[in-house]
Amino acid sequence: MHSALETLGIQQINNSSCIGGHWCGDTRLDVIESINPSDLKCLAMIRPSTDQEYQHIIAESTQTFATWRTIPAPKRGEMVRRIAQELRRKKHQIGDLVALETGKIKSEADGEVQEMIDIADFAVGQSRMLYGKTMPSERPQHRLYEQWLPLGVVGIITAFNFPVAVWAWNAFIAVIAGNTVIWKPSPKTPLCAIAIQHICNQIMSEMQYQGVFSLFIPDDRILLNQFVEDRQIPLISFTGSSVVGRSINIKVASRLGKCLLELSGNNAVIVDESADINLAIPAIVFAAVGTAGQRCTSTRRLLVHEKLYDTVINHLLHAYQQITIGSPLDSRTVVGPLIDAQAVEKFQQVMMEVKRQQGRIVYGGKIVDTTGYFVEPTLVCAENNWTIVQQETFAPILYVMKFKTLEEAIAIQNNVPQGLSSALFTDNLCHAEHYLSAVGSDCGIANINMGTSGAEIGAAFGGEKDTGGGREAGSDAWKSYMRRQTNTINWGKQVTLAQDILFPMMR
Ligand code: NAD
């Protein structure tokens, strides 16, 4: 076993339900295997959560909420501050585990842990800034204001590609807001979740608040549905594909619960005729092949002005020829493996469709003939209306297209179901402003002279249309984890109605 795993408390067989800081698991159930996608070896095994364990988790989480909500918010922030301290101490080992389990290269994996630390620091500060507004009342001797109160138990369902950071975005903000959280991670990356839960257990035990952070990893659709449909969970925050997100949204809406959705992207970069190519090329390459194209913000479509089209293709070709594919823990590696066999199969299907469409594969297009789920970073000359271009394929495939005017490029960019991230490379101020105006990008994120991937936690993160409309991380995203209450206090001796209504009995 890799030494980082042992340091983080991972054993050969791990229990997956954590209730009040205690681990449990049913030895009768089949185990989930966590597979290293770069060598296909089993990293460790997990006993999936049972229905009975889930009942304990929800009961514990609800009970803890009853007291946790009464703790002053800055004191709740102290728990997050102490978790962040542990994350700093174990950053290298957690980074190793993220790299081993997801296949993302070590520097990106370490970056993911840094993102957890960043959002923790942000949440600690936010715990002193859960501001409500005070507004002048139209009635004399009345005070009118809004305050923000915790929701209850927050359910967090996360995707495999950011196995720890996305949980941290949600969990740290949710707990400083006074909620307790139950985490349902991806079964493709269970060890990352178990390692983080160990850290939470340690801090919860030191601070004597068990049950603020809980974990469960079911291997069973029925149990998963029960979680989503549970009326004891007022908010489900879901990060994953649009297909699954849509079905969860329907289930949560039918019980009038709240849903925070962070779903698929299909992100485009536009390179106009004034763009600085030296700036654009490395940014595009990172965004297209980083995390092997398995980021929600990965660049999938590249729209190039016709005057620069050949130059950009040649520069990209040159850059792609330098890319090294291999073990995520090797510092020379630029691109690691895809997550699993299904992802490789999907890549192959898409390549067959490119051929059927008679698209030109400029670079790549094949799986790499070695152990592990490796595919070649791929450049394809494509059309925006192809079905495969309209969809998100979680692989390092970049579709390149030509345009004549900025208006045309923006129309192509926006003409997909998703609306997460977007970028324009330009040295033309008018083009930049046009792109960022109401007739410009329709995405939740729109950048100038930088790529589509790699967001900072300080701002709100999320996208429109099929990306789900949710906002997480910084700015005022904390409001999603709280309920707003309007308070009016009459400190006078008269009953006064709003809108100048005179009720006869009150004269
Ligand atoms: P996925 O939709 O397959 O799974 C996401 C999570 O949902 C997993 O934990 C999975 O076990 C769970 N799940 C699956 N079916 C479920 C059901 N019926 N009920 C409840 N939970 C269910 O996604 P994935 O393959 O893990 O991740 C890749 C996807 O996530 C991509 O589409 C990517 O764009 C998206 N993503 C979006 C963001 C964002 O912030 N917008 C961030 C990361 C990933």
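Conventions we followed
- Residues numbered from 1 in each chain as written.
- Predicted model: local features only at pLDDT ≥ 70, side-chain atom pairs only at ≥ 80, totals over all residues.
- Heavy atoms only, no water.
- Helix = DSSP H or I, 4+ residues; strand = E, 2+ residues; numbered from the N terminus.
- Rg over C-alpha atoms; globule rule 2.2 N^0.38 Å.
- Buried < 20%, exposed > 50% of the residue type's maximum accessible area, 1.4 Å probe, protein only.
- Contact = heavy atoms within 4.5 Å.
- Areas by Shrake-Rupley, 256 points an atom, 1.4 Å probe, with all protein chains shown as cover.
- Lys, Arg positive; Asp, Glu negative; His and termini not counted.
- Charge placed at Lys NZ, Arg CZ, Asp CG, Glu CD.
- Near = heavy atom within 4 Å.
- Polar contact = N/O pair within 3.5 Å; in protein donor to acceptor, adjacent residues only side chain to side chain.
- Patch = residues over 30% accessible without salt bridge, like charges linked within 9 Å, V, L, I, M, F, W, Y side chains within 5 Å.
- Salt bridge = Lys/Arg side-chain N within 4 Å of Asp/Glu carboxyl O.
- Pairing = 2+ DSSP bridges.
- Axes fitted to C-alpha atoms, helices over the stretch in contact; angles between N-to-C directions.
- Right-handed = clockwise from strand over helix to strand, strands pointing away.

A few words on the overall build of the protein chain. Within the protein chain, the regular secondary structure consists of 15 helices and 24 strands. Scaling as 2.2 N^0.38, a compact globule of 507 residues should have a C-alpha radius of gyration of about 23 Å, and the protein chain matches this with 25 Å. Scored against the burial criterion, the 507 residues of the protein chain give a buried share of 56%. Counted over contacts in the protein chain with a minimum sequence separation of 6, partners at least 24 positions apart contribute 73%. When the accessible surface of the protein chain is totalled, it reaches about 21,600 Å², and 51% of it is carbon and sulfur. Across the protein chain, the mean location of the 45 positive side-chain charges is 7 Å away from that of the 50 negative side-chain charges.

Below, the discussion takes up the site of the ligand. Thr158, Lys184, Ser241, Leu263 and Glu392 are the nearest of the 27 residues found near the ligand. Between the ligand and the protein, one listed contact pairs an oxygen atom with a side-chain N or O atom of Ser241 at 2.6 Å. For the ligand, whose free accessible area comes to 850 Å², the fraction covered by protein is 90%. If one sorts the elements of the shell around the ligand by residue count, helix H8 (residues 221-229) sits on top with three residues.

This part covers a negative patch on the surface. Together, Asp30, Asp51, Asp219 and Asp220 make up a region of like negative charge exposed at the surface. By secondary structure assignment, the location of Asp51 is in helix H2 (residues 51-68). Residue classification places Asp51 among the partly exposed positions, given a relative accessible area of 41%.

Before going further, it helps to spend a moment on the sheet that holds strand E5 (residues 42-47). Strand order in the open sheet formed by three strands is E1-E5-E4, and the pairing between neighbours is mixed. In this open sheet, the two strands that pair with only one neighbour each are strand E1 (13-15) and strand E4 (32-35). Each strand axis lies, on average, 30° off the axis of its neighbour in the sheet, ignoring direction. Across three bridges, the pairing between E1 and E5 is parallel. Across the sheet, the residue bridging to Ile13 is Met45, located in E5. The sheet contacts of helix H7 (residues 190-207) involve E1, E4 and E5, and relative to E5 the element is tilted by about 70°.

So, on to the pairing of strand E9 (residues 180-184). Two faces, one strand: in a regular strand the side chains alternate between the faces of the sheet. Along E9, five of the five residues are buried, which leaves the element largely enclosed by surrounding structure. Burial of E9 is two-sided: the residues Thr180, Ile182 and Lys184 facing one way and the residues Val181 and Trp183 facing the other way are all buried. Pairing analysis gives five bridges linking strand E8 (residues 153-157) to E9, with the strands arranged parallel. If you follow Val153 over to E9, its bridge partner there is Thr180. You can see the chain leave E8, run along helix H6 (residues 165-176) and come back into E9, and the turn it takes is right-handed. Where E9 meets strand E10 (residues 213-215), three bridges bridge the pair, whose relative direction is parallel.

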